Amino acid sequence: MEHFSLWLDGLNLAGQGVLHLLFASRLTGKRLRAWHFPAYLSLLGVLWLASSRLALSGILSVGLGVPLLYAVSRFALGAPGPLSWLAAVLAFYISQLSFGILNAIEAALFPAFIGTPLLYGLLLAAQALFFLLCGLCYWAVGKLLPWEGDGQRPFPGLLLFPSLFFFAAELYILHTAYASLSPSPSPAEAGKQGTLLLLQSLGLAALFCTLYAYCHLCRGFQAQGTLQSLAQAVQAQRSYIAGAQARYEQTRAFRHDVKNHLSVLDGLLGGGKLEEGRAYLKKLEAASEALSFPYQTGNPVVDILLAEKLGLAREIPAEVSLLLPEPCAIDDFDLCVLFANALDNAIRACQSSGEPPFLRISGRRQGTFYMLAFENSCPAGPLPPAGTGLSNIRSVAEKYHGAVLTEQAEGRFSLNVLLDISLPPESISSQKH
């Protein structure tokens, strides 16, 4: 039995080490390498041998395991410090909690099989159930935490302190009420194990309730930040629309006064004042150029957006081949949201790219759909998580029954937005409500 116990302890240690690394990798979003497993298992083995030889308490040996897993997550995986601490504490808390649940069940059911060969099979089955319970808990924690989808790491410190409390309480329960198998357990001992099982189950429920509350708290913070960003975007877009309308009003006023300017010019030329006429003509040309847009798309909002955005980024060569349909079912406000966010993202990517920057904007109509294409240079490597800008673009595309497609390859990023332009704005607005 002694050799079997040593073998079972080794299996338990190896299985826990593998689960710890897998959980830490998933929680931190860092990729594991093959050498991480033998390195961490070797360190766990050294810690276990030292604890056995020095007769250290179980609390101390587990307490030393937490900073060990933190060090592996922080320095080997390269995860942030608070997230590494959270992964280490949760990994050991869940494993100790699972051990406590299985220990209470073993103490209640296994004594009747002591001294029989069946006990070995039951102990192996309990070990398998331990791994299964740990794995399910790790999977559930990974699914429940809010950064599973977007890769964000919102406020891990908020979850670290309650996790430390649960972990400390679990260690206290395990190492003050631990019981080995007894051939003839008393009714009092059976009641004690039942109480321990209830406490372990409540500890598991408390963990997931805390994670659920944390998830909703973080989503509330993120929603508040998103609303602030959207409010700023709305204000900026209203300014763009007002600027475009003012620009076109100035253009209309200039056109209204063209006859008067031509009369003045005719009088100067008729009176033989050629130099004065040339000077007056240059003034007219300057006034005309100031009112014109460098890009003519057929929509005043888009024209002024392109002029202002690309005028601020003169170092980026831009090619614009775009003519919006007229009439167009796309509201000016939605066009402003789409172009403002797409241009901001493209200019930011061009400015951070080490390659020669470029920006191309084109559009084409196919039946009742219109395809907008934005292509620009971008830094090599993985793209950052999708932010509010791309989310706003997707919202506009969904409003017009379209879709958004992004692609990155060889220092080039492309954004394609498909929009249905067959429906009038009134119909789209009524569908949204």
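Residues numbered from 1 in each chain as written. Predicted model: local features only at pLDDT ≥ 70, side-chain atom pairs only at ≥ 80, totals over all residues. Heavy atoms only, no water.

Engineer: Would you mind going over the overall build of the protein in detail, with residue names and values included?
Structural biologist: Scanning the protein from terminus to terminus reveals 13 helices and 5 strands. Across the 433 residues of the protein, 38% fall into the buried class. Sequence separation of at least 24 residues holds for 74% of the intrachain contacts in the protein that already meet a minimum separation of 6. (Helix = DSSP H or I, 4+ residues; strand = E, 2+ residues; numbered from the N terminus. Buried < 20%, exposed > 50% of the residue type's maximum accessible area, 1.4 Å probe, protein only. Contact = heavy atoms within 4.5 Å.)

Engineer: Go over helix 4 (residues 81–109), please, and point to the residues and values.
Structural biologist: Taking 1.5 Å as the rise per residue, helix 4 with 29 residues should run 42 Å; its terminal C-alpha atoms sit 42 Å apart, in good agreement. When you tally the buried positions in helix 4, you get 23 out of 29 residues, the bulk of the element. (Expected span 1.5 Å × (residues − 1).)

Engineer: So what's going on with the nonpolar core? Residues and values would help.
Structural biologist: Generally speaking, nonpolar side chains in soluble globular proteins are found buried as a group. The biggest cluster of nonpolar side chains holds 50 residues, and the ones touching the most others in it are Tyr40, Val141 and Phe167. Of all the elements in the fold, those that place two or more residues in this core are helix 1 (2–28), helix 2 (36–53), helix 3 (58–76), helix 4, helix 5 (118–144), helix 6 (157–176) and helix 7 (187–256). If one sorts the elements of this core by residue count, helix 4 sits on top with 13 residues. Residues in contact with tyrosine 40, not counting those within four places in the same chain, are Gly17, His20, Leu21, Leu68, Leu69, Val72 and Phe92. Judged by nonpolar contacts, the second largest core, of 38 residues, contains Leu324, Ile393, Tyr400 and Ile421. (Core = buried A, V, L, I, M, F, W, Y, C linked by side-chain atoms within 4.5 Å.)

Engineer: Please provide a residue-by-residue account of a nonpolar patch on the surface, values included.
Structural biologist: On the surface, a nonpolar cluster with roughly 290 Å² of combined accessible area is contributed by Leu6, Trp48 and Leu49. Look at leucine 6 and you get partly exposed, because its relative accessible area is 48%. (Patch = residues over 30% accessible without salt bridge, like charges linked within 9 Å, V, L, I, M, F, W, Y side chains within 5 Å. Areas by Shrake-Rupley, 256 points an atom, 1.4 Å probe, with all protein chains shown as cover. Salt bridge = Lys/Arg side-chain N within 4 Å of Asp/Glu carboxyl O.)

Engineer: Lay out the pattern of salt bridges in plain terms, naming residues and giving numbers.
Structural biologist: The final tally for this structure, using the stated rule, is 4 salt bridges. Between aspartate 334 and lysine 399 there is a salt bridge, with its nearest N and O atoms 2.8 Å apart. Note that aspartate 334 is positioned in helix 11 (residues 332–352) and lysine 399 in helix 12 (residues 388–399), a separation of 65 residues in sequence. Each member of the pair, aspartate 334 as well as lysine 399, carries the same accessibility label: buried. Arginine 360 is the partner of glutamate 375 in a salt bridge, and the nearest nitrogen-oxygen pair spans 3.4 Å. Here glutamate 375 is found in strand 3 (residues 369–377), whereas its partner arginine 360 is found in strand 2 (residues 359–366), with 15 residues between them in sequence. The structure contains a network of salt bridges with shared partners spanning Arg360, Glu375 and Arg412.

The quantities given are spatial measurements derived from coordinates; they are silent on function.
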